[in-house]
Amino acid sequence: MRYVHLPRLLSIAMPAFAFAVSGLFGSNVEAQGGIRLRQPFAGTYRLTAYVDHRSPDYTYDGNVVVYNGEERLNCPDCGEAWTNQGTYCYDGHNATDYALPGNTPVLAAASGRVTFSGWRSTYYGNSIRIDHGNGYETWYSHLAAFSVNLNDIVATGQQIGLSGNTGQNQPYHLHFEVRHNGDVTDPFGWQGNWSDPLPSGLAVCLWGDGQCFEIVVEDESDWFYKYGTGWDWDCRGNGWTMRRVANRQTSESAYARWRPDLPHTGPYAVFAFVPAVHATTTNAEYVVHDRDGDHPVLINQLNYSDEWVYLGSYNFWDGILGYVYLDNATGEANGSGEVCFDSIKFRQFRVYIPIALKNYP
Ligand SMILES: [Zn+2]
(Lines give C-alpha, C1' and ligand atoms only; values in the text may rest on other atoms or scores of the structure.)
Protein backbone atom coordinates (compact mmCIF):
# COMPACT_ATOMS: atom_id res chain seq x y z
CA MET A 1 0.00 0.00 0.00
CA ARG A 2 1.28 3.41 -0.91
CA TYR A 3 2.34 5.47 2.08
CA VAL A 4 0.52 8.77 2.30
CA HIS A 5 1.92 11.25 4.76
CA LEU A 6 -0.83 13.00 6.66
CA PRO A 7 -0.62 15.10 9.80
CA ARG A 8 -1.19 12.72 12.66
CA LEU A 9 -3.87 14.82 14.28
CA LEU A 10 -5.84 15.06 11.05
CA SER A 11 -5.68 11.34 10.38
CA ILE A 12 -6.92 10.56 13.88
CA ALA A 13 -9.53 13.22 14.32
CA MET A 14 -11.02 13.42 10.87
CA PRO A 15 -10.47 10.28 8.86
CA ALA A 16 -13.51 10.93 6.68
CA PHE A 17 -12.36 14.43 5.90
CA ALA A 18 -8.84 13.23 5.15
CA PHE A 19 -10.29 10.68 2.77
CA ALA A 20 -12.35 13.30 1.00
CA VAL A 21 -9.37 15.59 0.59
CA SER A 22 -7.09 12.88 -0.70
CA GLY A 23 -9.84 11.77 -3.07
CA LEU A 24 -10.25 15.24 -4.49
CA PHE A 25 -6.70 16.47 -4.63
CA GLY A 26 -4.54 13.40 -5.08
CA SER A 27 -2.75 12.98 -8.39
CA ASN A 28 -4.71 9.79 -9.02
CA VAL A 29 -8.12 9.46 -7.45
CA GLU A 30 -8.26 5.69 -7.62
CA ALA A 31 -4.74 5.17 -6.26
CA GLN A 32 -5.66 7.45 -3.37
CA GLY A 33 -8.46 5.16 -2.31
CA GLY A 34 -11.33 6.68 -4.25
CA ILE A 35 -13.21 5.40 -7.25
CA ARG A 36 -14.70 6.90 -10.38
CA LEU A 37 -18.10 5.74 -11.59
CA ARG A 38 -20.00 6.12 -14.84
CA GLN A 39 -23.76 5.86 -15.11
CA PRO A 40 -24.86 2.22 -15.19
CA PHE A 41 -26.73 2.59 -18.50
CA ALA A 42 -26.47 4.39 -21.82
CA GLY A 43 -28.64 7.40 -22.63
CA THR A 44 -30.84 9.38 -20.28
CA TYR A 45 -33.42 8.10 -17.85
CA ARG A 46 -35.20 9.78 -15.00
CA LEU A 47 -33.57 9.57 -11.63
CA THR A 48 -36.47 8.49 -9.47
CA ALA A 49 -35.14 8.00 -5.96
CA TYR A 50 -32.11 9.25 -4.05
CA VAL A 51 -30.15 7.85 -1.14
CA ASP A 52 -31.81 8.93 2.09
CA HIS A 53 -28.85 10.19 4.11
CA ARG A 54 -30.73 10.11 7.39
CA SER A 55 -32.06 6.56 7.37
CA PRO A 56 -30.56 4.51 4.52
CA ASP A 57 -31.70 1.29 6.18
CA TYR A 58 -35.39 1.41 5.23
CA THR A 59 -36.41 3.00 8.51
CA TYR A 60 -39.45 5.18 7.86
CA ASP A 61 -38.98 8.50 9.61
CA GLY A 62 -41.24 10.61 7.40
CA ASN A 63 -38.67 12.44 5.32
CA VAL A 64 -35.79 12.00 2.94
CA VAL A 65 -32.49 13.86 3.22
CA VAL A 66 -31.00 14.32 -0.24
CA TYR A 67 -27.27 14.72 -1.04
CA ASN A 68 -27.65 18.48 -1.62
CA GLY A 69 -28.76 18.91 1.99
CA GLU A 70 -32.45 19.31 1.23
CA GLU A 71 -34.79 17.66 3.68
CA ARG A 72 -37.95 16.64 1.88
CA LEU A 73 -41.15 15.02 2.90
CA ASN A 74 -41.39 11.44 1.83
CA CYS A 75 -42.75 11.33 -1.70
CA PRO A 76 -44.83 14.52 -1.69
CA ASP A 77 -48.02 14.18 -3.68
CA CYS A 78 -47.09 10.80 -5.08
CA GLY A 79 -47.92 8.69 -2.08
CA GLU A 80 -46.36 5.31 -1.69
CA ALA A 81 -48.55 3.30 -4.02
CA TRP A 82 -46.12 1.48 -6.23
CA THR A 83 -48.92 0.66 -8.57
CA ASN A 84 -49.23 4.39 -9.25
CA GLN A 85 -47.00 4.32 -12.28
CA GLY A 86 -43.75 6.11 -11.87
CA THR A 87 -43.83 6.27 -8.10
CA TYR A 88 -40.47 4.99 -6.97
CA CYS A 89 -39.52 7.45 -4.27
CA TYR A 90 -39.56 6.52 -0.66
CA ASP A 91 -38.18 7.03 2.78
CA GLY A 92 -35.13 5.10 3.95
CA HIS A 93 -33.76 4.31 0.50
CA ASN A 94 -30.17 3.10 0.35
CA ALA A 95 -29.49 3.64 -3.36
CA THR A 96 -30.21 5.66 -6.48
CA ASP A 97 -33.08 4.48 -8.69
CA TYR A 98 -33.35 5.12 -12.41
CA ALA A 99 -36.50 4.59 -14.47
CA LEU A 100 -35.10 2.07 -16.92
CA PRO A 101 -37.85 0.26 -18.80
CA GLY A 102 -37.63 -3.54 -18.91
CA ASN A 103 -34.82 -5.25 -20.81
CA THR A 104 -32.57 -2.18 -21.03
CA PRO A 105 -28.83 -3.00 -20.92
CA VAL A 106 -27.33 -2.43 -17.48
CA LEU A 107 -23.64 -1.50 -17.56
CA ALA A 108 -20.83 -1.86 -15.05
CA ALA A 109 -20.31 1.53 -13.38
CA ALA A 110 -16.59 0.76 -13.04
CA SER A 111 -14.27 -2.14 -13.70
CA GLY A 112 -14.07 -4.93 -11.16
CA ARG A 113 -14.95 -8.51 -10.31
CA VAL A 114 -18.46 -9.95 -10.06
CA THR A 115 -18.87 -11.15 -6.47
CA PHE A 116 -22.61 -11.85 -6.55
CA SER A 117 -24.90 -12.82 -9.39
CA GLY A 118 -28.29 -14.22 -8.52
CA TRP A 119 -31.37 -13.78 -6.34
CA ARG A 120 -30.53 -11.35 -3.55
CA SER A 121 -33.84 -11.33 -1.68
CA THR A 122 -37.56 -11.05 -2.22
CA TYR A 123 -37.11 -7.29 -2.00
CA TYR A 124 -34.18 -6.82 -4.40
CA GLY A 125 -34.80 -9.73 -6.76
CA ASN A 126 -32.14 -10.62 -9.32
CA SER A 127 -28.99 -8.70 -8.47
CA ILE A 128 -25.34 -8.33 -9.37
CA ARG A 129 -22.58 -7.06 -7.11
CA ILE A 130 -19.22 -5.87 -8.44
CA ASP A 131 -16.14 -5.41 -6.25
CA HIS A 132 -14.09 -2.45 -7.52
CA GLY A 133 -11.32 -2.52 -4.95
CA ASN A 134 -10.52 0.27 -2.48
CA GLY A 135 -13.44 -0.99 -0.40
CA TYR A 136 -16.04 -0.05 -3.01
CA GLU A 137 -18.80 -2.30 -4.31
CA THR A 138 -21.79 -1.58 -6.51
CA TRP A 139 -25.12 -3.47 -6.58
CA TYR A 140 -27.56 -3.60 -9.50
CA SER A 141 -31.01 -4.92 -8.56
CA HIS A 142 -34.43 -5.92 -9.95
CA LEU A 143 -32.71 -7.30 -13.08
CA ALA A 144 -34.52 -9.34 -15.70
CA ALA A 145 -31.42 -11.18 -16.97
CA PHE A 146 -27.71 -11.67 -16.30
CA SER A 147 -24.91 -11.23 -18.84
CA VAL A 148 -22.07 -12.14 -16.48
CA ASN A 149 -21.23 -14.91 -14.04
CA LEU A 150 -19.77 -15.02 -10.56
CA ASN A 151 -16.05 -14.11 -10.53
CA ASP A 152 -16.08 -12.62 -14.03
CA ILE A 153 -13.80 -9.62 -14.47
CA VAL A 154 -15.76 -6.78 -16.05
CA ALA A 155 -14.68 -3.55 -17.73
CA THR A 156 -16.22 -0.15 -17.11
CA GLY A 157 -19.32 0.17 -19.29
CA GLN A 158 -19.54 -3.54 -20.05
CA GLN A 159 -23.08 -4.93 -20.18
CA ILE A 160 -23.73 -7.04 -17.11
CA GLY A 161 -27.46 -7.67 -17.43
CA LEU A 162 -30.88 -6.37 -18.41
CA SER A 163 -33.15 -4.21 -16.30
CA GLY A 164 -36.40 -5.62 -14.98
CA ASN A 165 -38.81 -5.57 -12.07
CA THR A 166 -37.84 -8.71 -10.18
CA GLY A 167 -38.25 -8.74 -6.43
CA GLN A 168 -41.04 -7.01 -4.60
CA ASN A 169 -43.92 -5.96 -6.81
CA GLN A 170 -42.90 -2.62 -8.28
CA PRO A 171 -42.49 -0.74 -11.53
CA TYR A 172 -39.56 -1.45 -13.81
CA HIS A 173 -36.44 0.35 -12.67
CA LEU A 174 -32.77 -0.09 -11.82
CA HIS A 175 -31.76 0.05 -8.16
CA PHE A 176 -28.10 1.18 -8.15
CA GLU A 177 -26.45 0.89 -4.77
CA VAL A 178 -22.90 1.85 -3.79
CA ARG A 179 -21.20 0.57 -0.68
CA HIS A 180 -17.88 1.49 0.89
CA ASN A 181 -16.42 -1.03 3.34
CA GLY A 182 -19.88 -2.57 3.44
CA ASP A 183 -21.70 0.64 4.40
CA VAL A 184 -24.19 2.49 2.23
CA THR A 185 -22.67 5.54 0.59
CA ASP A 186 -23.99 8.04 -1.96
CA PRO A 187 -22.26 8.45 -5.34
CA PHE A 188 -23.52 12.06 -5.37
CA GLY A 189 -21.51 12.78 -2.22
CA TRP A 190 -22.76 15.38 0.23
CA GLN A 191 -23.25 19.05 -0.67
CA GLY A 192 -25.32 20.13 2.32
CA ASN A 193 -24.12 23.05 4.39
CA TRP A 194 -24.65 20.94 7.50
CA SER A 195 -22.94 17.72 8.50
CA ASP A 196 -23.72 14.60 6.51
CA PRO A 197 -26.23 12.54 8.49
CA LEU A 198 -25.32 9.36 6.59
CA PRO A 199 -24.47 6.92 9.39
CA SER A 200 -21.39 5.65 7.57
CA GLY A 201 -19.90 9.14 7.44
CA LEU A 202 -19.06 11.66 4.81
CA ALA A 203 -20.11 10.58 1.34
CA VAL A 204 -17.78 11.57 -1.50
CA CYS A 205 -19.00 12.32 -5.00
CA LEU A 206 -17.87 9.40 -7.14
CA TRP A 207 -19.14 10.31 -10.59
CA GLY A 208 -16.49 10.79 -13.24
CA ASP A 209 -18.77 12.45 -15.79
CA GLY A 210 -19.33 15.94 -14.42
CA GLN A 211 -22.32 15.17 -12.18
CA CYS A 212 -20.15 16.15 -9.21
CA PHE A 213 -20.20 19.72 -10.46
CA GLU A 214 -23.90 20.06 -11.13
CA ILE A 215 -26.52 21.83 -9.11
CA VAL A 216 -29.88 20.27 -9.91
CA VAL A 217 -32.98 22.24 -8.95
CA GLU A 218 -36.03 20.04 -8.99
CA ASP A 219 -39.62 21.11 -8.83
CA GLU A 220 -39.65 19.70 -5.29
CA SER A 221 -36.69 21.87 -4.34
CA ASP A 222 -36.61 24.78 -1.93
CA TRP A 223 -35.09 26.67 -4.88
CA PHE A 224 -38.15 26.19 -7.09
CA TYR A 225 -40.84 28.87 -6.80
CA LYS A 226 -44.17 28.69 -8.58
CA TYR A 227 -46.92 31.27 -8.82
CA GLY A 228 -50.35 31.62 -10.37
CA THR A 229 -53.11 29.11 -10.91
CA GLY A 230 -53.89 25.93 -12.79
CA TRP A 231 -50.97 23.90 -11.47
CA ASP A 232 -51.11 20.15 -11.63
CA TRP A 233 -48.47 17.52 -11.06
CA ASP A 234 -47.42 14.05 -12.08
CA CYS A 235 -45.07 11.49 -10.57
CA ARG A 236 -43.31 10.80 -13.84
CA GLY A 237 -40.72 13.56 -13.63
CA ASN A 238 -37.04 13.63 -12.82
CA GLY A 239 -36.40 13.43 -9.10
CA TRP A 240 -39.90 12.73 -7.92
CA THR A 241 -42.45 14.95 -9.53
CA MET A 242 -42.98 17.28 -12.43
CA ARG A 243 -45.30 20.30 -12.45
CA ARG A 244 -47.53 21.09 -15.40
CA VAL A 245 -49.93 23.79 -16.51
CA ALA A 246 -52.20 24.08 -19.55
CA ASN A 247 -50.84 26.64 -21.97
CA ARG A 248 -52.37 30.00 -22.83
CA GLN A 249 -52.16 31.95 -26.05
CA THR A 250 -51.33 35.33 -24.60
CA SER A 251 -50.94 36.46 -20.99
CA GLU A 252 -49.60 33.85 -18.61
CA SER A 253 -51.65 32.50 -15.71
CA ALA A 254 -48.78 30.59 -14.12
CA TYR A 255 -45.04 30.96 -13.96
CA ALA A 256 -42.10 29.59 -12.02
CA ARG A 257 -38.46 30.25 -11.27
CA TRP A 258 -35.58 27.90 -10.54
CA ARG A 259 -33.25 30.00 -8.44
CA PRO A 260 -30.25 28.06 -7.07
CA ASP A 261 -27.67 29.24 -4.57
CA LEU A 262 -24.62 29.11 -6.85
CA PRO A 263 -21.15 28.62 -5.36
CA HIS A 264 -19.15 30.72 -7.83
CA THR A 265 -19.41 33.77 -10.03
CA GLY A 266 -18.81 32.77 -13.62
CA PRO A 267 -19.99 30.51 -16.41
CA TYR A 268 -22.45 27.62 -16.06
CA ALA A 269 -24.01 25.38 -18.67
CA VAL A 270 -27.79 25.20 -18.11
CA PHE A 271 -30.03 22.22 -18.95
CA ALA A 272 -33.77 21.61 -18.60
CA PHE A 273 -35.22 18.13 -18.09
CA VAL A 274 -38.19 17.51 -20.38
CA PRO A 275 -40.30 14.50 -19.33
CA ALA A 276 -41.81 11.99 -21.71
CA VAL A 277 -45.35 12.79 -20.61
CA HIS A 278 -47.44 15.98 -20.50
CA ALA A 279 -44.73 18.14 -22.09
CA THR A 280 -46.75 18.90 -25.20
CA THR A 281 -46.17 22.57 -25.91
CA THR A 282 -44.02 23.20 -28.95
CA ASN A 283 -43.11 26.64 -27.74
CA ALA A 284 -41.85 26.75 -24.16
CA GLU A 285 -39.90 29.95 -23.62
CA TYR A 286 -37.35 29.50 -20.88
CA VAL A 287 -35.73 32.79 -19.89
CA VAL A 288 -32.29 32.57 -18.35
CA HIS A 289 -31.45 35.57 -16.19
CA ASP A 290 -27.72 36.13 -15.75
CA ARG A 291 -25.26 39.02 -15.29
CA ASP A 292 -25.87 40.13 -18.87
CA GLY A 293 -29.66 40.25 -18.59
CA ASP A 294 -32.48 38.02 -19.82
CA HIS A 295 -31.91 35.36 -22.48
CA PRO A 296 -35.02 33.69 -23.95
CA VAL A 297 -34.57 30.12 -25.20
CA LEU A 298 -37.42 28.50 -27.14
CA ILE A 299 -37.79 24.76 -26.59
CA ASN A 300 -40.19 22.45 -28.37
CA GLN A 301 -40.98 20.21 -25.40
CA LEU A 302 -42.83 17.78 -27.64
CA ASN A 303 -39.52 16.89 -29.29
CA TYR A 304 -38.03 15.49 -26.10
CA SER A 305 -38.69 12.43 -24.01
CA ASP A 306 -37.04 12.16 -20.58
CA GLU A 307 -34.03 14.14 -21.75
CA TRP A 308 -31.81 16.94 -20.54
CA VAL A 309 -32.02 19.76 -23.05
CA TYR A 310 -29.15 22.23 -23.27
CA LEU A 311 -30.29 25.85 -22.86
CA GLY A 312 -26.84 27.38 -23.36
CA SER A 313 -24.05 28.67 -21.14
CA TYR A 314 -24.42 31.79 -19.05
CA ASN A 315 -22.48 34.02 -16.68
CA PHE A 316 -24.03 33.97 -13.23
CA TRP A 317 -23.30 35.68 -9.98
CA ASP A 318 -22.56 33.58 -6.93
CA GLY A 319 -25.53 33.28 -4.60
CA ILE A 320 -29.18 33.45 -5.51
CA LEU A 321 -29.35 36.25 -8.09
CA GLY A 322 -29.46 34.17 -11.25
CA TYR A 323 -32.43 32.05 -12.27
CA VAL A 324 -34.36 30.33 -15.02
CA TYR A 325 -37.94 31.48 -15.60
CA LEU A 326 -40.77 29.76 -17.49
CA ASP A 327 -44.45 30.60 -17.88
CA ASN A 328 -47.43 29.13 -19.68
CA ALA A 329 -47.94 31.83 -22.32
CA THR A 330 -46.80 29.93 -25.41
CA GLY A 331 -48.68 31.63 -28.26
CA GLU A 332 -50.59 28.43 -28.95
CA ALA A 333 -54.38 28.20 -28.59
CA ASN A 334 -55.55 28.20 -24.97
CA GLY A 335 -55.44 24.71 -23.51
CA SER A 336 -54.05 23.10 -26.66
CA GLY A 337 -51.08 21.70 -24.79
CA GLU A 338 -49.31 21.56 -21.47
CA VAL A 339 -46.14 23.30 -20.35
CA CYS A 340 -43.98 21.07 -18.20
CA PHE A 341 -41.82 22.35 -15.33
CA ASP A 342 -39.29 19.77 -14.17
CA SER A 343 -35.64 19.82 -13.09
CA ILE A 344 -33.13 22.44 -14.22
CA LYS A 345 -29.44 21.86 -13.75
CA PHE A 346 -26.52 24.26 -13.62
CA ARG A 347 -23.20 22.66 -14.49
CA GLN A 348 -20.11 24.49 -13.28
CA PHE A 349 -17.38 24.97 -15.82
CA ARG A 350 -14.26 22.92 -15.41
CA VAL A 351 -12.33 25.94 -14.19
CA TYR A 352 -13.72 25.17 -10.72
CA ILE A 353 -12.97 21.48 -10.72
CA PRO A 354 -10.10 20.35 -8.48
CA ILE A 355 -7.02 19.71 -10.57
CA ALA A 356 -6.96 15.99 -9.82
CA LEU A 357 -10.42 15.55 -11.33
CA LYS A 358 -9.88 17.72 -14.39
CA ASN A 359 -7.97 14.87 -15.94
CA TYR A 360 -11.07 12.69 -15.92
CA PRO A 361 -13.33 12.58 -18.93
ZN1 LIG B 1 -34.12 1.37 -5.13
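Predicted, not measured: the structure shown is a model, and the values here were computed from it.

**Some words on the overall build of the protein**
Summing up its helical and strand segments, the protein has 3 helices and 25 strands in all. Across the 361 residues of the protein, 43% fall into the buried class. The contacts in the protein between residues at least 6 apart in sequence include a share of 69% that link residues at least 24 apart.

**A closer look at the pairing of strand E17 (residues 242-246)**
By the criterion of burial, E17 is predominantly enclosed, with 4 of the 5 residues buried. Note: strand E16 (residues 232-234) against E17, 3 bridges, orientation antiparallel. When the sheet's bridge partners are listed, Trp-233 is paired in E17 with Arg-243. Bridge analysis of E17 against strand E24 (residues 338-341) gives 4 bridges, and the strand direction is antiparallel.

**Describing the environment of Leu-174**
In this fold, Leu-174 is placed in strand E12 (residues 174-180). C-alpha separation for the pair Leu-174 and Thr-48, spaced 126 residues apart in sequence, amounts to 9.6 Å. Filtering out sequence-adjacent residues up to four positions away, Leu-174 remains in contact with Pro-40, Phe-41, Asp-97, Tyr-98, Leu-100, Val-106, Tyr-140, His-142 and Ser-163.

**Focus: the sheet that holds E24**
Two modes of strand pairing occur in sheets, parallel and antiparallel, and in both the strands are linked by backbone hydrogen bonds. Pairing in this open sheet of 3 strands is antiparallel, and the strands run E16-E17-E24 from one edge to the other. The open sheet has two free edges, formed respectively by E16 and E24, since each of these has just one partner strand. Looking at each pair of strands side by side, their axes are set apart by 35 degrees on average, direction ignored.

**Comments concerning the pairing of strand E18 (residues 254-258)**
What you see with E18 is a clean split: Ala-254, Ala-256 and Trp-258 sit on the buried side and Tyr-255 and Arg-257 on the side with no burial. For strand E15 (residues 224-228) and E18, the ladder comprises 5 bridges, and the chain directions are antiparallel. Residue pairing for E18: Tyr-225 is matched across the bridge by Arg-257. Here E18 runs beside strand E23 (residues 323-327); their pairing, made up of 4 bridges, is antiparallel. If you follow Ala-256 over to E23, its bridge partner there is Leu-326.

**Observations concerning the sheet that holds strand E19 (residues 266-274)**
If you trace the 4 strands from one edge of the open sheet to the other, you get E14-E25-E19-E22, paired in antiparallel fashion. The two strands at the open ends of the sheet, each matched to only one other strand, are strand E14 (214-217) and strand E22 (307-316). Between one strand and the next, the sheet's axes are offset by a mean angle of 20 degrees, whatever the strand orientation. Here E19 pairs with E22 via 9 bridges, running antiparallel. Of the residues in E22, the one forming a bridge with Val-274 is Glu-307.

**Thoughts on unusual backbone geometry**
The backbone phi angle of Asn-134 is positive, close to 55 degrees, even though this residue is not glycine. Along the polypeptide, Asn-134 turns up in the loop between strand E7 (126-133) and strand E8 (136-141). Asn-134 sits in the partly exposed class, given 15 other C-beta atoms within 10 Å. Positioned with a positive phi, Asp-306 is a non-glycine residue whose angle comes to about 55 degrees.

**Focus: the environment of Ala-254**
Note on placement: Ala-254 falls in strand E18. Taking the C-alpha atoms as reference, Ala-254 lies 5.6 Å from Thr-229; in sequence the two are 25 residues apart. Residue contacts for Ala-254: discarding those within four places in its chain leaves Lys-226, Tyr-227, Gly-228, Thr-229, Gly-230, Trp-231, Val-245, Asp-327 and Asn-328.

**Here's the deal with the confidence of the model for the protein**
Within the protein, residue pLDDT values average 85, and 83% of them lie at 70 or more. In the predicted structure, residues 1-27 sits below a pLDDT of 50 and forms 29 contacts with residues beyond four places in sequence or in another chain.

**Examining the environment of Asp-91**
Mapped onto the elements, Asp-91 comes out in the loop between strand E3 (71-73) and strand E4 (96-98). Linking Asp-91 and Ala-49, residues 42 residues apart in sequence, is a C-alpha distance of 9.3 Å.

What counts, and at which threshold
Residues numbered from 1 in each chain as written. Predicted model: local features only at pLDDT ≥ 70, side-chain atom pairs only at ≥ 80, totals over all residues. Helix = DSSP H or I, 4+ residues; strand = E, 2+ residues; numbered from the N terminus. Buried ≥ 20, exposed ≤ 12 C-beta atoms within 10 Å, placed from the backbone. Contact = placed C-beta atoms within 7 Å. Pairing = 2+ DSSP bridges. Axes fitted to C-alpha atoms, helices over the stretch in contact; angles between N-to-C directions. pLDDT = per-residue confidence, 0-100.

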